[in-house]
Amino acid sequence: MRALGERPLVAILRGVAPEEALPVGEALVDAGITIIEVPLNSPEPFVSIERLQRAFGARAIIGAGTVLEEAQVATLAATGASLCVSPDTAPSVIGAAKRAGLLSVPGAFTATEAFAAHRAGADALKLFPTEILGLAGLKALKAVLPRSWPLLVVGGITADNLAEYLNAGAAGAGFGSWLYSPGRSAAEVGVRARAIVDAAR
């Protein structure tokens, strides 16, 4: 959590193209969102990640999302990025990320998955999809998981509902299509990012 910050806010740029990555990244960092994830089912994701890392790596945590295989972890590490996010709890991917010196944030939906991810060495847990888990699910997991484990809510989170999840015990959140979708201008992304930062405060 020292690396991720006191209240991690993660921009998930699913579908971003390399030519969009830098203007969108600049809008995010200027607004105060300094964790940026490019899912690997985006066009040429490692090109975007490498460009973002080169431009903003000194001011932001840059990484990949939807990491499913150990080979992808190796390619990610070669870009100089520092964050590996997965949609599932895969001990092999978590282990590969930690061996490569990356922060590992795997997805979990149940207590079983959360404990498995932690035992494999995860740095934080991504509760996904939160729009299905809901506030009740978050509170139920918080009741059984150690308080020191940082839980990030992802899926259906917006500036409008962020505060209620933080108040229910989430350490932070990831923002997908509400924040960025292909074709949305960097200026509009910046407006939405500032709304997120304001809501977190």
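Thresholds, definitions, all that
- Residues numbered from 1 in each chain as written.
- Predicted model: local features only at pLDDT ≥ 70, side-chain atom pairs only at ≥ 80, totals over all residues.
- Heavy atoms only, no water.
- Helix = DSSP H or I, 4+ residues; strand = E, 2+ residues; numbered from the N terminus.
- Rg over C-alpha atoms; globule rule 2.2 N^0.38 Å.
- Buried < 20%, exposed > 50% of the residue type's maximum accessible area, 1.4 Å probe, protein only.
- Areas by Shrake-Rupley, 256 points an atom, 1.4 Å probe, with all protein chains shown as cover.
- Contact = heavy atoms within 4.5 Å.
- Pairing = 2+ DSSP bridges.
- Phe/Tyr/Trp six-rings, centres within 6.5 Å; stacked < 30°, edge-to-face > 60°.
- Lys NZ or Arg CZ within 6 Å of the ring centre and 35° of its normal.
- Salt bridge = Lys/Arg side-chain N within 4 Å of Asp/Glu carboxyl O.
- Core = buried A, V, L, I, M, F, W, Y, C linked by side-chain atoms within 4.5 Å.
- Axes fitted to C-alpha atoms, helices over the stretch in contact; angles between N-to-C directions.
- Parallel < 35°, antiparallel > 145°, perpendicular 65-115°, else oblique.
- Left-handed = near helix turned anticlockwise from the far one by under 90°.

A. Representation of the overall build of the protein chain. Looking only at helices and strands, the protein chain has eight helices and nine strands in total. Against the globule reference of 17 Å for 201 residues, the protein chain gives a C-alpha radius of gyration of 15 Å, in line with a compact fold. In terms of overall dimensions, the protein chain has a C-alpha envelope of 45 × 35 × 25 Å along the principal axes. Burial analysis of the protein chain (201 residues in total) assigns 52% to the buried set. Working note: accessible area of the protein chain is about 8600 Å², and carbon and sulfur atoms make up 52% of it.

B. View of the side chain of T130. With respect to the helices and strands, the residue T130 is situated in helix α6 (residues 130-144). The contact partners of T130, leaving out residues within four places of it in the chain, are V153, V154, G155, I157 and Y165.

C. Spotlight on the pairing of strand β1 (residues 9-12). Of the two faces of β1, the one lined by L9 and A11 and the one lined by V10 and I12 are each fully buried. Of the strand pairs in this sheet, β1 and strand β9 (residues 172-175) are connected by three bridges, and their pairing is parallel. Opposite L9, over in β9, you have A173 as the bridge partner. As defined by bridge partners, β1 adjoins strand β2 (residues 35-39) across three bridges and the pair is classed as parallel. Bridge pairing in β2 links A11 to I36.

D. Up close: the packing of aromatic side chains. The final tally for this structure, using the stated rule, is one aromatic pair. Ring geometry for F115 against W149: centres 5.2 Å apart, planes inclined by 70°, an arrangement best described as edge-to-face. Of this pair, F115 sits in helix α5 (residues 111-119) while W149 is found in the loop between α6 and β8 (151-154), placing the two residues 34 residues apart along the sequence. Under the relative-accessibility criterion, F115 is labelled partly exposed at 24%. With relative accessibility at 9%, the residue W149 sits in the buried group. The ring of F128 carries K126 above its face, with NZ or CZ at 4.9 Å from the centroid.

E. Layout of the pattern of salt bridges. Applying the stated criterion across every chain, the model contains four salt bridges. D123 serves as the salt-bridge partner of K98, at 2.8 Å between the closest nitrogen and oxygen. Pair noted here: K98 is in helix α4 (residues 91-99) and D123 is in the loop between α5 and β7 (125-127), with a separation of 25 residues, a long-range link. The partly exposed category is assigned to D123, whose relative accessible area is 27%. Notably, a salt bridge pairs E188 with R192, separated by 2.8 Å at the nearest N-O pair. With E188 and R192 both in helix α8 (residues 186-200), this residue pair falls four residues apart, about one helical turn.

F. Geometry of the nonpolar core. Ranked by size, the top nonpolar core spans 59 residues in total, and within it L28, I33, L162 and L179 carry the most contacts. Non-local contacts of L28, meaning those with residues more than four positions away in its chain, are made with A11, L13, I33, I36, L179, V189 and A193. Counting residues in each nonpolar core, the second largest holds 13 residues, with L4, I12, V85 and V105 among its members.

G. The arrangement of the environment of L102 in detail. Secondary-structure assignment places L102 in the loop between α4 and β5 (103-105). C-alpha of L102 to C-alpha of A81: the two residues are 21 residues apart in sequence and 7.9 Å apart in space. Excluding anything up to four places from it in sequence, L102 contacts V73, L76, A77, A81, S82, L83, C84, A97 and D123.

H. Molecular detail of the packing of helix α1 (residues 18-31) against α8. At a closest axis distance of 8 Å, the pairing of α1 and α8 adopts a crossing angle of 25°. With respect to α8, the axis of α1 lies roughly parallel. For the pair α1 and α8, the crossing hand works out as right-handed. The segment α1 lies against α8, with P23, V24, A27, L28 and A31 engaging A186, V189, G190, A193, R194 and V197.

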